[in-house]
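# Working through the structure, step by step
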Amino acid sequence: VETNPKGLPIRAVEGMEGSSETVAAAIDRCDEGTLRRLLQTVIRKVPECRRKIAEDVGLSAELYQVSEEERQKATADQYSEKVISGKTATRSSSDAVDFCERAKFVPMRLTYDERKYLRLIDATMHVSHYTDHMDTAQNVNANAARKLALQMKQLCAVLTGMQVSHNYEQGQQLLQSREFSTRKAFFQTVLEIGRRYKILNPERMRDSYGKLMYFLQDSRKPDVRDLLEFDIVSGVRSVWDVLKRSPKGAELLEDPQLKTATMEIMSEGKSRSQVQREIKQKEAAIKHLSSKYCSVARRRKRHYGGIYSTWSLLRSSYRDSDSDEGNDGDELSEDVVEQCIYSLGDHSTYLRFNREPCDRLIYFLKEFFNPEDPGPEPMYSLAIEEGINGARLSHPHSRQYTFVLQSMTLWREVLDNMFQLWHMAEEDLLDDEQQYQLADTGQGYQRVQKSVRSVVAMQKILADVQRKVGGWVGSSIVHLGDHNVPNALMFIDKYIQVPRFLGPLVLTLDKIPELSRSTAGMKVYIESFGGVRRLQKLILADFFRHAFDGSGADNFFDAGSCIDGRLTSAWNWCSSIESKPYFPVFLLTGFSGFDGKEGF
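Residues numbered from 1 in each chain as written. Predicted model: local features only at pLDDT ≥ 70, side-chain atom pairs only at ≥ 80, totals over all residues. Heavy atoms only, no water.

### Re the overall build of the protein chain
Helix and strand counts for the protein chain stand at 28 helices and four strands. In the protein chain, buried positions account for 49% of the 600 residues. The long-range share in the protein chain, meaning contacts at least 24 apart out of those at least 6 apart in sequence, stands at 75%. Within the structure as shown, the protein chain displays about 29200 Å² of accessible surface, and the carbon and sulfur contribution to it stands at 51%. (Helix = DSSP H or I, 4+ residues; strand = E, 2+ residues; numbered from the N terminus. Buried < 20%, exposed > 50% of the residue type's maximum accessible area, 1.4 Å probe, protein only. Contact = heavy atoms within 4.5 Å. Areas by Shrake-Rupley, 256 points an atom, 1.4 Å probe, with all protein chains shown as cover.)

This is the structure in structure tokens:
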């Protein structure tokens, strides 16, 4: 059957111009796919129908339907351009270190004893089917009482299983008494450790963390909290939470030597003696600070069973009773001060690992390409045209150069503030005043929830980047709480992917010179592309063109030049890497994929 550009059968469209009986007959002849597209068009273009459907199915708001006006505005914004006079040479938060501010968002490194609880929560969530039971089509319009009963059944099953796995006798007692509030401290501790570990290690717990946050999200509902008689959620334990117990903690964060104690030592471009000297300086600074700002002497493990043993120190905040608060008073031992310093040092490593791919690609962009002159060879021009090679935007070379530079700078700043954003994202997810609604977003049933804190934080970062680069090319829309990015968990997940696909690209570019020198045959192969530098420029030109061309969807609301759409285009480029003529070069440099396996 012949179809028109909108996917409807031509005979059906022609029939619709007649009587209502003819229109009905034409609709009856349409297949299921055509009817779906027809219904989507009617819902999008006719507000009355959209509202009527929302009322019939019990939706309190039209969460995932995009009006025609919104789509038109998104299309118009694709080529908008904002110029801000007077660039500001502001440095990122990591360049001008404010340890007092940073400590509020940096989670504490897990202790040896806490890792036992980590294995418990990871295993619990790994085998749990909580979201499989709760986030189903049947629960969209389920009776409120029935849904609450199902939630309590699943919540209690997870909590009971966790307690039985940890301590069988206590688990049996809990099964009989059903008094979950008596184990409040234990549950809060275990669940907090899982969240803290995930923030410190974004590549771990990829499926377990999502189930954990949705589990906690449901536990924050007022009805559920009333039935459990306690709040499962506790704040993620940060460096500031530990240091603020003592007046000396605040003094530690203002000590100039803290920068030396938390610095990351890199061996590139340094002699062995210089590296050894920096290591000794760092160790000396850590030892000096831990002895200077501790409130009590180091607690040695040789004090077996004593109240001041190291074991008691590490476990004092994680006892299963509710009377653990204040047991340590204002005391900070040398071990705890060292742990705080090492946690701040972990953050420096975290930032370098995540930001370095962005910094390297920005360097490559400026090194290999002129912002105004694309050069005589078209293959190295960054210009893109809508409809050519999958592009959905039309930019000349200079505009695309600016578009790429601004996008990479934005990603860098987001990653630079990732701990703060993650903190706000969890606050949005666990906000009992902003309840989610289960909705079919076109990508399955998702929990759609407003995330005010995350949106405000992202808009602030965007404004800072715009001032830094002197303007903005394209749309400034931040998708969050709609069908593109349903909630803050999806928002965080999108941006922690950035190092995963930029890292392998940078690694391949860096290994090409070494690959060319490895064997005579390999050198001949690299020369077939014009040599090392021309091959690098070829890969970069293709990436800068088609990873930022607005592709990845069939409309400008879901993809394009908006903040979220830039990531969509980049992932679309990654999905087509096998079709590139230079793909064998990636394989020869050790490339195995853009998304590493668990714990890579």
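### Points about unusual backbone geometry
Of note in this structure, Arg178 is not a glycine but carries a positive phi near 60°. Positionally, Arg178 belongs in the loop between α10 (168-177) and α11 (184-200). On the accessibility criterion, Arg178 (41% relative accessible area) is partly exposed. Phi is positive for Glu229, close to 70°, though the residue is something other than glycine. With respect to the helices, strands and loops of the structure, Glu229 is situated in the loop between α13 (222-228) and α14 (239-243).

### Considering the pairing of strand β2 (residues 437-440)
Side chains on a regular strand alternate between the two faces of the sheet. As defined by bridge partners, β2 adjoins strand β3 (residues 445-448) across four bridges and the pair is classed as antiparallel. Each bridged residue has a counterpart across the sheet, and for Gln437 the counterpart in β3 is Val448. Hairpin connection of β2 to β3: four residues between the antiparallel strands, including Gly442 at a positive phi of 95°. (Pairing = 2+ DSSP bridges.)

### What to know about helix α12 (residues 208-219)
The first and last C-alpha atoms of α12 sit 17 Å apart over 12 residues, in line with the 16 Å expected at 1.5 Å per residue. With 12 of 12 residues buried, α12 is to be regarded as a mostly interior element. Those residues of α12 lying buried are Ser208, Tyr209, Gly210, Lys211, Leu212, Met213, Tyr214, Phe215, Leu216, Gln217, Asp218 and Ser219. (Expected span 1.5 Å × (residues − 1).)

### Re the packing of aromatic side chains
Pairs of aromatic rings are described using the distance from one ring centre to the other and the angle between the two planes. The final tally for this structure, using the stated rule, is 22 aromatic pairs. Between Phe187 and Phe230 the ring centres are 6.4 Å apart and the planes differ by 15°, which places this aromatic pair in the stacked class. With Phe187 in helix α11 and Phe230 in the loop between α13 and α14, this pair connects stretches of sequence that are 43 residues apart. Judged by relative accessible area, Phe230 falls into the buried class, the value being 7%. (Phe/Tyr/Trp six-rings, centres within 6.5 Å; stacked < 30°, edge-to-face > 60°.)

### Re the environment of His126
With respect to the secondary-structure elements, His126 resides in helix α7 (residues 114-127). Here His126 falls in the exposed class, since its relative accessible area comes to 51%. Spatially, the C-alpha atoms of His126 and Tyr209 are 9.1 Å apart, while their sequence positions differ by 83 residues.

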